[in-house]
Amino acid sequence: DEAAGQARRALDLAATYDMPVVEADAAAALVTLDPSARPADADRVLERGRRALGRFMAGVPPDRRDAFARRADLAPIFEALNPDGPHGGA
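This report concerns the structure included in the present document. (Residues numbered from 1 in each chain as written. Predicted model: local features only at pLDDT ≥ 70, side-chain atom pairs only at ≥ 80, totals over all residues. Heavy atoms only, no water.)

## Quick look at the overall build of the chain
Now for step 1: What the chain contains, in helices and strands, is five helices and zero strands.
Now for step 2: Written out in order from the N terminus, the α and β elements of the chain read α-α-α-α-α.
Now for step 3: Here the chain has a C-alpha radius of gyration of 12 Å; the compact-globule value for 90 residues is 12 Å, and the two agree.
Now for step 4: By residue count, 41% of the 90 residues in the chain fall in the buried class.
Now for step 5: Taking all contacts inside the chain whose residues are at least 6 apart in sequence as the whole, residues at least 24 apart take part in 53%.
Now for step 6: Of the roughly 5,200 Å² of accessible surface on the chain, 53% is carried by carbon and sulfur atoms.
Now for step 7: On the chain, the mean spot of the 12 positive side-chain charges and the mean spot of the 15 negative ones are 4 Å from each other. (Helix = DSSP H or I, 4+ residues; strand = E, 2+ residues; numbered from the N terminus. Rg over C-alpha atoms; globule rule 2.2 N^0.38 Å. Buried < 20%, exposed > 50% of the residue type's maximum accessible area, 1.4 Å probe, protein only. Contact = heavy atoms within 4.5 Å. Areas by Shrake-Rupley, 256 points an atom, 1.4 Å probe, with all protein chains shown as cover. Lys, Arg positive; Asp, Glu negative; His and termini not counted. Charge placed at Lys NZ, Arg CZ, Asp CG, Glu CD.)

## Overview of the environment of Pro83
Now for step 1: With respect to the helices and strands, the residue Pro83 is situated in the segment after helix H5 (75-81).
Now for step 2: A relative accessible area of 59% means that Pro83 is categorised as exposed.
Now for step 3: C-alpha separation for the pair Pro83 and Arg44, spaced 39 residues apart in sequence, amounts to 17 Å.

## Observations regarding the packing of helix H1 (residues 2-16) against helix H2 (residues 20-31)
Now for step 1: H2 packs onto H1 with a crossing angle of 155° between their chain directions and a minimal axis gap of 8 Å. On the basis of their axis angle, the class for H1 and H2 is roughly antiparallel. Both H1 and H2 take part in a crossing whose hand is left-handed. Here Ala4, Ala7, Arg8, Ala10, Leu11, Ala14 and Ala15 of H1 come into contact with H2, specifically with Val22, Glu23, Ala26, Ala27, Ala29 and Leu30.
Now for step 2: When grouped by side-chain class, the residues that make up the contact of H1 with H2 number 11 nonpolar, no polar and two charged. (Axes fitted to C-alpha atoms, helices over the stretch in contact; angles between N-to-C directions. Parallel < 35°, antiparallel > 145°, perpendicular 65-115°, else oblique. Left-handed = near helix turned anticlockwise from the far one by under 90°. Nonpolar A, V, L, I, M, F, W, Y, C, P; charged D, E, K, R; others polar.)

## Topic: a nonpolar patch on the surface
Now for step 1: Residues Leu13, Tyr17, Met19 and Val22 make up a contiguous nonpolar surface patch of about 400 Å² in total accessible area.
Now for step 2: One can find Met19 in the loop between H1 and H2.
Now for step 3: Look at Met19 and you get partly exposed, because its relative accessible area is 37%. (Patch = residues over 30% accessible without salt bridge, like charges linked within 9 Å, V, L, I, M, F, W, Y side chains within 5 Å. Salt bridge = Lys/Arg side-chain N within 4 Å of Asp/Glu carboxyl O.)

## Notes on the pattern of salt bridges
Now for step 1: Applying the stated criterion to the full structure yields seven salt bridges.
Now for step 2: Ionic pairing is found between Arg48 and Asp12, a salt bridge with its closest N-O pair at 3.3 Å. Of this pair, Arg48 sits in helix H3 (residues 42-58) while Asp12 sits in helix H1, placing them 36 residues apart in sequence.
Now for step 3: Note that Asp41 and Arg44 form a salt bridge whose closest N and O atoms lie 2.8 Å from each other.

Right, here's the structure in full:
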């Protein structure tokens, strides 16, 4: 599937260039694909996305993390990678 291929390439490039938000977004896209298109290593991708999101949130002051988790551009990433908590492990 083309979408899965693009998301996988984005995941790998984002890791190479240390772009944690892009890496987390790509991981979120992969783990929320239809089950038939989801990668076989979806659990590993999910963990990579959570770690990337944690790296990003480590740079956000603790008193601003809730606001970041609610941002319209970031909320879907948080929800996909960590539906039980707003901070993606940070």
